[in-house]
Amino acid sequence: MVIPPPVRPPRITEFLKPYVLKMHFTNNYVHAQVIHSPTATVAASASSQEKALRPNMGITRDVAAAAKIGKILGERLLIKNIPAVSISLKREQKYHGKVKAVIDSLRNAGVKLI
């Protein structure tokens, strides 16, 4: 006699937003990455610490650098056919300064925010 598997409730991955933008700011650099929530993998990332970007930036920690990182991340997302992301802010992060620069430049690059 074969026992059927138990009926399980819908998995939480159905309710997760598929792509989440996370940002990290240090005293020297700006990092932003988009994570695919169901698989917990990085879909795209950009950082002012990348060797290819550092010579063109000058200062790697200010609002202008954050705007450039957002623009580059937006272009990389559109290349990978990711049209929309949601934003995950840490407790201490507010929609102001570097955070606003990254989000606005993502919007200007053509990525929709959920």
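Above this text you will find the structure in question.
For every chain, the first residue of the written sequence is number 1, and numbering continues from 1 along that sequence. Selection of residues for local features in this predicted model requires a pLDDT of at least 70, selection of side-chain atom pairs for listing and counting requires 80 or more, and totals for whole chains, interfaces and linings are taken over all residues. With hydrogens and water set aside, each side-chain value is computed from the structure's full complement of heavy atoms.

### Details of the overall build of the chain
For the purposes of this entry, the term helix denotes a DSSP run of H or I that reaches at least four residues, the term strand denotes a run of E that reaches at least two, and both are numbered from the N terminus. Across its full length, the chain carries three helices and five strands. Taken from the N to the C terminus, the helices and strands of the chain come in the order β-β-β-α-α-β-α-β. Only protein chains enter the calculation, and the probe is 1.4 Å; a residue is then buried if its accessible area is under 20% of its type maximum, exposed if over 50%, and partly exposed in between. Residue burial in the chain is summarised as follows: out of 114 residues, 32% are buried. Put simply, of all contacts in the chain between residues at least 6 apart along the chain, 58% involve residues at least 24 apart. Here the accessible surface of atoms and residues is derived via Shrake-Rupley with a 1.4 Å probe, and residues count as covered only by protein chains that are part of the display. About 7700 Å² of surface is accessible on the chain, with carbon and sulfur atoms providing 57% of the total. Should any heavy atoms of two residues lie within 4.5 Å, those residues are counted as being in contact.

### Side note on the pattern of salt bridges
For salt bridges, the criterion is a side-chain nitrogen of Lys or Arg within 4 Å of an Asp or Glu carboxyl oxygen. Scanning the entire structure with this criterion turns up two salt bridges. In this structure, the salt-bridge partner of E50 is R76, at a minimum N-O distance of 3.1 Å. You can see E50 sitting in the loop between β3 (41–47) and α1 (54–57) and its partner R76 sitting in helix α2 (residues 63–79), a full 26 residues away along the chain. On the basis of relative accessible area, R76 is assigned to the partly exposed category, the value being 28%. Taking the shortest distance from any N to any O, the salt bridge between D104 and R107 comes out at 3.2 Å.

So, to be careful, I would describe these as geometric facts and stop short of saying anything about function.
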